[in-house]
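So you can see what is in the structure, the chains are spelled out below.
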Amino acid sequence: MKIRNIFLGGAVMCLILSCSSHASTKGDRIEERVDSLLSLMTLDEKLGQMNQVSPGDFEALAAQVRRGEVGSILNYVDADLVNKVQKVAVEESRLGIPLLVARDVIHGYKTIFPIPLGQAATFNPELVEEGARVAAVEASSDGIRWTFSPMVDVSRDPRWGRIAESCGEDPYLNAVMGTAMIKGYQGDSLSDPTAMAACAKHFVAYGAAEGGRDYNSTFIPERVLRNIYLPPFRAAVDAGCATFMTSFNDNDGVPSTANKFILKDILRGEWKYDGMVVSDWASVLEMVNHGFCKDGKEAAEKALNAGVDMEMVSATFINNFKQSLNEKKITLNEIDQAVRNILRLKFRLGLFENPYIVTPQSVKYADEHLAKARKAVEQSVILLKNDNQVLPLQPDIKTLAVVGPMADAPYEQLGTWVFDGEKEHSQTPLMALKAMYGDKVNILYAPGLSYSRDKNRTQIAPAVAAARRSDAIVVFVGEESILSGEAHSLTNLLLQGEQSELIEALAATGKPLITVVMAGRQLVITDEVKESDAVLYVFHPGTMGGPAIADILFGKVNPSGKTPVSFPRTSGQVPLYYAHHNTGRPANPVEMLIDEIPVEAGQTSVGCRSFYLDAGSRPLYPFGYGLSYTTFEYSNLTLSADKLASTDVLTVTLNLKNTGRYDGTEVVQLYVQDKVGSVTRPVKELKAFQRVDLKAGESKQVTFSLPVAELAFWGLDMHYSVEPGAFKLWAGTNSEEGLTADFEVVSAK
Ligand code: GLC
C-alpha cells in the first residue's frame, strides 16, 4: 500500500509540477495547477485541506497528515519536527500536498518589536514594514510561512486588552500600518522562502466589543462598518494580504464566522478578494455557544455557506461535511471553492517547490534585527510632559535613582502575544543604563515594588531613601504583559498595585522625577502626571526597550512618538476618541466641573452641553500628541485652491521650523472635517501624516497631496461619494493643535 502511494504521489506531483511548463507561482499558471490538483482529490482529501490543527503528539499528527486529513498546522515551532511532518505530507500522503505552517507572529518572532500599538506610535510605516520583514525572516527559520497578523481592528476602548495588538483608534492609521506589516511579512514575492502569508484580522469590528469586554457582542450598523471598521481591511486587500480571519464577535446578532454579508457580499463581491479565509480559534463551533447554531454540524454548514475556507482547530468541517453534502446543506462547489482558495495560497507560497525550511537558524536575534527593533522603540516612545526641560538628563547628573517594578522586568517589557521571544534576550532599562551610562553616572537601583500589581509597600521606603541620595529619579511603572492582550479586559485603568503610592512618595523627595510608563494600553495616569516633572509613555517595547529608553533619557535620541489613541482623564470617560461627532450640544471650551458647582445649584436644561461633570469632555492627551526635546513652529499654511471638484487633488503646503536647540523629528498631521453631510460626520479625520526631520534652527516646506476623492464616505443613501459643501482642514502637531484653512468641494461625481 505504502509503495503504491509513493509511486502515485510521485506521479501526481510530476503532473502538478509539469502542468505548467515551469513550476510557476504566478497568476493564471497557478489556476491551472489548482484545477489539476483539485481534479485528483477525493472528498476526504478536500476536507483535509480545510482542516487546521494545533498538534499534540507527533505520531498522531503524522498519522492524520499521512491520511490527508490536515491542511495546516499552527503552534508547531520546532524546525526539525516541522520538516519531519512536512516530509510525511509531501512523501507519504497520496497527493503530497504540503502543509501550511502558521503561528501568531504579532510583533516579532524571536527579536521582539514594540507591540503594534507602540509601532503605531512611530507614525513610520517604513519602520513598521522593516520590523515585519525581520519577523518573517526569523519565523521562516522554524518553517512558519503564515502569520495571524496584522490585527487591524479599530480600537477605541482601552478596557479591551487587545487594543495592545491594534494600531489604535484611527481607521487611516490602522490602514497605513496594516499595509506596512503585510508588505513586510509577504515581501516582494510570497514564493520567497522567507515570506509569510499575512492575515488581516479580526474581520470585523471586534474592537467595538461592548463595554470593552473581550468576545462581547457588537452592534455596529452598516454605515459605521463601512466608514470606520472596514477601511483598514479594504486597505489590506489592496495590499495583497494573502488571508483573512473572521472575528469572534456577533455583530447585530450575526457571528462574523457565518456572516455572509461581510464574507461574501463585501469581501468577495465588492472587493473581489481571491485570498483564503480562516476562522478564528474554534470560532466555528463557538457559534453553538452564541446560540446561532444548534450543533457543530450546523455551525460548520453556516460557516461554509458564508465563505469560511479553513477551520481553525474545532474540526466540525472534517467531521460533518460528508453528511452535510448528503443532506444538501452544502454543495460540492462550496467545498471546491474553499479548497481552491487554500491550494492557491500554497502554490503562491511556492510550497510545492520548496516545502522545507531553507532559512538558517542564525537569523534569530541577528544584530541587524536587534538594531531595527531598537530603532522602532526609539521612535515609539512618546514624551508626554517635560516641565523645566528636566529631560534630557544633563551631564552634571552624578547620581541617578532607577526605581519601579518595570525598570528591570525582561519578561514584562516584551508585551502580549509573545510565544517565541525569550526574556533572556531582553535588554531592560536598568541593564542599559548601567551598561551605557554607568561610567558617567552612579546608578542607584531600588525596585520599590516587585511587580506592577504588588500591594506590598515594604520596598517603597528603600526606594525613597535611594531617591533622596540622587540628583534625579527615573521611575518605571505600568502593566505586566499579562494584563493586556486577549481576554484581558479591565474596568479600572489606573496604575495597578501601589505604583501610584510609590510615585507619590518619590515626588515628595522634591527631586526631579521622570516617570516612564510601560503598558499595553493607554492607562489613566492623570494624578501621576501631576506628580512628575517629565513623563515618557512606552507601549511594551520588546527586546530592545532598555537601550532605546536609556538613549532617550540622556538625549542621544530625541523622542518623536505620537499617541495612536486618546488618553482618558478617568476610566469612566472611555470610549474616548478624537474623531467623535459634534452632537447638537458640543462641549464648551471651558467646562464647569463638579467641584465648582455651587451647593443647591439651580436646575436647568438651558445651555447644557455634552460632557462629564467629574472629568469634562477632553482627553488628558489627544490622539496624535507627543512632545520633543526641541520645539517646532508651523507657519504659512497654503492650499492649492479653495474650491475643488471631487476629482481634483488638493495640495497643502506649510512651513515647519525647528525653533529649539536639539535636532528632532516632527510628525506633521493633516486632518479634515466635512462640515455638513447627509449624515453627521466626525469633527475631524486624519487624512495624512509625514515624519519631518529637522536640525536645530532648520526650516522645511512640507507638502501634502490630498485627492479630494479621499473625502468620500457612505452617506444617508448608503452611497459612497464626496458630498459637495464646506470643509475645514487642520495641519499640525496633534489632533487638537494646528493651522487651519477652509475649502469647498463644488461638485460631486
Ligand atoms: C486567538 C485569537 C487570534 C489568534 C488565534 C490563533 O484566539 O483571537 O487572534 O490568531 O487564536 O492563536
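Residues numbered from 1 in each chain as written. Predicted model: local features only at pLDDT ≥ 70, side-chain atom pairs only at ≥ 80, totals over all residues. Heavy atoms only, no water.

This part is about the layout of surface pockets. Roughly 1200 Å³ of internal volume is contained in the largest pocket. Lining the largest pocket are 48 residues, with Tyr 577, Tyr 578, Ala 579, His 580 and His 581 sitting closest to its centre. For the lining of the largest pocket, the elements supplying multiple residues, two or more each, are helix H9 (222-229) and strand E23 (713-714). Looking at side-chain class alone, the lining of the largest pocket contains 25 nonpolar, 14 polar and nine charged residues. Two domains each provide a minimum of three residues to the lining of the largest pocket, namely domain 1 (2-348) and domain 2 (632-745). One number sums up the size of the second largest pocket: a volume of about 1000 Å³. The greatest single-element share of the lining of the second largest pocket, amounting to seven residues, is contributed by helix H8 (residues 171-186). Class assignment of the residues belonging to the lining of the second largest pocket gives a composition of 23 nonpolar, five polar and 13 charged. When residues of the lining of the second largest pocket are assigned to domains, at least three map to each of domain 1 (2-348) and domain 2 (632-745). (1 Å grid on protein atoms, 1.4 Å probe; cavity = no way out; pocket = protein on both sides within 12 Å on 5 of 7 lines; lining within 4 Å. Points joined across faces, edges and corners; volume = space filled by probe spheres on them. Helix = DSSP H or I, 4+ residues; strand = E, 2+ residues; numbered from the N terminus. Nonpolar A, V, L, I, M, F, W, Y, C, P; charged D, E, K, R; others polar. Domains from an automatic or database assignment.)

What follows concerns the domain arrangement of the chain. Each domain of the chain was delimited in the assignment, giving domain 1 (2-348) and domain 2 (632-745). Distance between the C-alpha centres of domain 1 and domain 2: 37 Å. In this complex, domain 1 contributes 12 residues to the contact, which on the side of domain 2 involves 13 residues. Considering only the surface of domain 1 that becomes buried against domain 2, Phe 123, Tyr 172 and Arg 223 emerge as the three largest contributors, covering 53% of it. At the junction of domain 1 with domain 2, the criterion picks out zero salt bridges. Where domain 1 meets domain 2, there are three residue pairs in polar contact (both at pLDDT 80 or more). Secondary structure elements with two or more residues in the side of domain 1 that touches domain 2: H8 and H9. (Contact = heavy atoms within 4.5 Å. Buried area = accessible area lost by both parts, 1.4 Å probe. Salt bridge = Lys/Arg side-chain N within 4 Å of Asp/Glu carboxyl O. Polar contact = N/O pair within 3.5 Å; in protein donor to acceptor, adjacent residues only side chain to side chain.)

Below, the discussion takes up the nonpolar core. Ranked by size, the top nonpolar core spans 115 residues in total, and within it Met 50, Trp 146, Phe 203 and Phe 244 carry the most contacts. In this view, Phe 244 contacts Cys 199, Ala 200, Phe 203, Phe 233, Ala 236, Val 237, Leu 267, Trp 271, Tyr 273, Met 276, Val 277 and Val 278; residues no more than four positions away in its chain are not counted. By size, the runner-up hydrophobic cluster in this structure holds 39 residues, among which are Ile 460, Ala 507, Leu 523 and Phe 567. (Core = buried A, V, L, I, M, F, W, Y, C linked by side-chain atoms within 4.5 Å. Buried < 20%, exposed > 50% of the residue type's maximum accessible area, 1.4 Å probe, protein only.)

Let's shift gears to empty space enclosed by the protein. Under the defined criterion, the tally for this structure stands at four cavities of 30 Å³ or more. What lines the largest cavity is a set of 16 residues, and nearest its centre among them are Gly 143, Arg 145, Pro 355, Tyr 356 and Ile 357. By residue number, the principal contributor to the lining of the largest cavity is helix H5 (residues 79-92), which donates three residues. Of the residues that constitute the lining of the largest cavity, the class distribution is nine nonpolar, six polar and one charged.

Further remarks concern unusual backbone geometry. At the junction of Phe 203 and Val 204, the peptide bond is cis and its omega measures out at 5° in the coordinates. Here Val 204 shows up in the loop between strand E5 (199-203) and H9. Pro 392 follows Leu 391 through a cis peptide bond whose omega is -5°. Here the phi dihedral of Phe 123 falls at roughly 50°; this positive angle occurs in a residue that is not glycine. Checked against the element boundaries, Phe 123 lands in the loop between helix H6 (116-120) and helix H7 (125-140). The backbone phi angle of Lys 272 is positive, close to 55°, even though this residue is not glycine.

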